[in-house]
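This is what each chain is made of:
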Amino acid sequence: MYFFRCAVRNMLQNPLLCIAAVGTMAVSLTIVAFFGVLFFNFEELTTSWSRRIQIKTYLEKVPEEQALKDWRQQIESYPEVDSVLYVSREEAFERFRKRLGQNSDLLQGMNPSILPASLEIGLKEGYRHRKGVEAVVAKLKRNPHFSDMRFGREWLERFDSFVMLLKFSAAILGGFLLFATIFIVANTIKLTLYARREELEVMSLVGGTPAFIKMPYVIEGAAEGFLGGFLALAASYLIFSLFLEKSLVSLLLTMGVGQVSFLPPPFQLGLLVAGTALGILGSMTSLRKFVRIRYQ
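Asks: Any chance you could explain helix H4 (residues 89–100) here in plain terms?
Replies: Side chains of residues three or four places apart in an α-helix project in the same direction, reflecting 3.6 residues per turn. Between its terminal C-alpha atoms H4 stretches 17 Å, which fits the 16 Å expected from 12 residues at 1.5 Å a residue. Positive phi appears at Gly101, one or two residues downstream of H4, with a value of about 65°.

Asks: Would you take a moment to explain the nonpolar core for this structure?
Replies: The tendency in soluble globular proteins is for nonpolar side chains to be buried side by side. Grouped together as the largest cluster of nonpolar side chains are 23 residues, with contacts concentrated most on Ile55, Ile75, Val81, Leu119 and Leu140. Contributions of two or more residues to this core are made by strand S1 (54–59), helix H3 (65–76), strand S2 (81–87), strand S3 (117–123), helix H5 (130–140) and helix H6 (153–195). In this structure Ile75 touches Val81, Val84, Leu119, Ile121, Leu140 and Phe146, once residues within four positions along its chain are discounted. Counting residues in each nonpolar core, the second largest holds 13 residues, with Leu29, Phe240, Leu263 and Leu271 among its members.

Asks: Whenever I open this one, the sheet that holds strand S4 (residues 148–150) confuses me. Can you help?
Replies: Adjacent strands of a sheet pair through backbone hydrogen bonds, lying either parallel or antiparallel. Strand order in the open sheet made by the four strands is S2-S3-S1-S4, with antiparallel pairing throughout. Both outer strands of the open sheet, S2 and S4, are each paired with one neighbouring strand and no more. Each neighbouring strand pair of the sheet contributes to a mean axis angle of 20°, computed without reference to strand direction. By the bridge criterion, six bridges tie S1 to S3 in an arrangement that is antiparallel.

Asks: It is not clear to me how the side chain of Asn143 should be interpreted in this structure. Could you clarify?
Replies: Structurally, the position occupied by Asn143 is in the loop between H5 and S4. Residue classification places Asn143 among the buried residues on the basis of a relative accessible area of 12%. Sequence-distant contacts of Asn143, that is, excluding residues within four places in its chain, are made with Trp71 and Gln74.

Asks: What exactly am I supposed to notice about the environment of Leu17 here?
Replies: Relative to the elements of secondary structure, Leu17 occurs in helix H2 (residues 15–50). By relative accessible area, Leu17 is classed as partly exposed at 24%. Distance in space between the C-alpha atoms of Leu17 and Leu193 is 9.7 Å, their sequence separation being 176 residues.

Asks: Help me out: how do you make sense of the pairing of S1 in this one?
Replies: Sheet faces and side chains relate simply in a regular strand, where the side chains alternate between the two faces. The two faces of S1 differ: Ile55, Thr57 and Leu59 on one face are buried, but Gln54, Lys56 and Tyr58 on the other face are not. With three bridges joining them, S1 and S4 adopt antiparallel strand pairing. For Lys56, the partnering residue across the bridge sits in S4 and is Arg150.

Asks: Can you walk me through the pattern of salt bridges in this structure?
Replies: Scanning all chains against the criterion turns up four salt bridges. A salt bridge links Lys56 to Glu120; the shortest N-O distance between them is 3.7 Å. Taken together, the residues Lys56 in strand S1 and Glu120 in strand S3 connect sequence positions 64 residues apart. What makes Lys56 partly exposed here is its relative accessible area of 25%. Judged by its relative accessible area of 9%, Glu120 is buried. A salt bridge links Glu80 to Lys139; the nearest nitrogen and oxygen atoms lie 3.2 Å apart. Of this pair, Glu80 sits in the loop between H3 and S2 while Lys139 sits in helix H5, placing them 59 residues apart in sequence.

Rules used throughout
Residues numbered from 1 in each chain as written. Predicted model: local features only at pLDDT ≥ 70, side-chain atom pairs only at ≥ 80, totals over all residues. Heavy atoms only, no water. Helix = DSSP H or I, 4+ residues; strand = E, 2+ residues; numbered from the N terminus. Expected span 1.5 Å × (residues − 1). Core = buried A, V, L, I, M, F, W, Y, C linked by side-chain atoms within 4.5 Å. Buried < 20%, exposed > 50% of the residue type's maximum accessible area, 1.4 Å probe, protein only. Contact = heavy atoms within 4.5 Å. Pairing = 2+ DSSP bridges. Axes fitted to C-alpha atoms, helices over the stretch in contact; angles between N-to-C directions. Salt bridge = Lys/Arg side-chain N within 4 Å of Asp/Glu carboxyl O.

In C-alpha cells, the structure reads:
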C-alpha cells in the first residue's frame, strides 16, 4: 500500500509529466491499434478469398449412382476435404446460362450434354493453400476417372504470395512500432525521473534499497501504461467509427468482404496488457541506469 500511495502521490505532484507519459503511450498504441484494424480486416479478406479455393474434377461419363456414392465417401475421408458436391450436366448447363446473363439466348437449342458432370471439392480452413490443394490432387489422381482437374494453380500461387507478404509486412511493421514505442516511453519516463532526481538521491542517502526506490515508479509506469492503453483503445475505436469503417467498407466490398470489424476482444485486452507492460518496461529501463548512477 505504501508503494501504491507513493505512485499516486508522484502522479499528482507532477501532472504535466504524467500527462506527457500517458499521452505518448496513447499515441504510440493508437498507431499500433490502427494498423491492427487494417491487418485483421485484410486477414478477413484473405479468409474470404480462401473459401473460394476448391478443386473441380470433370467426369467424362455420367457415373452410376453407386460409383458416385463410393467416390464421394472416399474423397470425404481425406483429412483435407470439407465437402464434396456433385454437379450434373444439367446443373452445369444452368449455371452457365445464368453466368451469360443477357446473352443466355446463345445457348438456345443446345443440349446440356455439351458440358461434363463434375465433382466440386471444398477444403477445410487449414488446408486452403497450395500445398494442401496439391496433396488432395495427388490423391485424386490415383483414380483413373479423375484425370481432368482444375484448381486455379496460378491464382493459388498469387494468393499464397499475397498472404505471405501480408504477414511479413505485419511482422516488420509491428516490430518497428513496438521498438519505437518502448524507446519513446522509456525516454518520457526518464524525463519524469530526472525531475525527481533530488528525491531519489535523498532516498538513497538515507538507506533506501534499489528495489525500495524503484517500486513506486514501476507501479506508476504500469498505471500510466494502462491508462495509455485504455485511451489508445478508445481513440482507435473513435477513429474507426468516424472515418475508417466507411473507407474500409467501400474498399473491401469490391473485394468480396461483406462487413468490416473493429479489433477482436483478445487483441483489445492485449492492447491494455501491452500498455501496462510497456509502462513497466520503460520505467525499469530508465530506473536501472538512473538508480545505479545514484548509488555510485
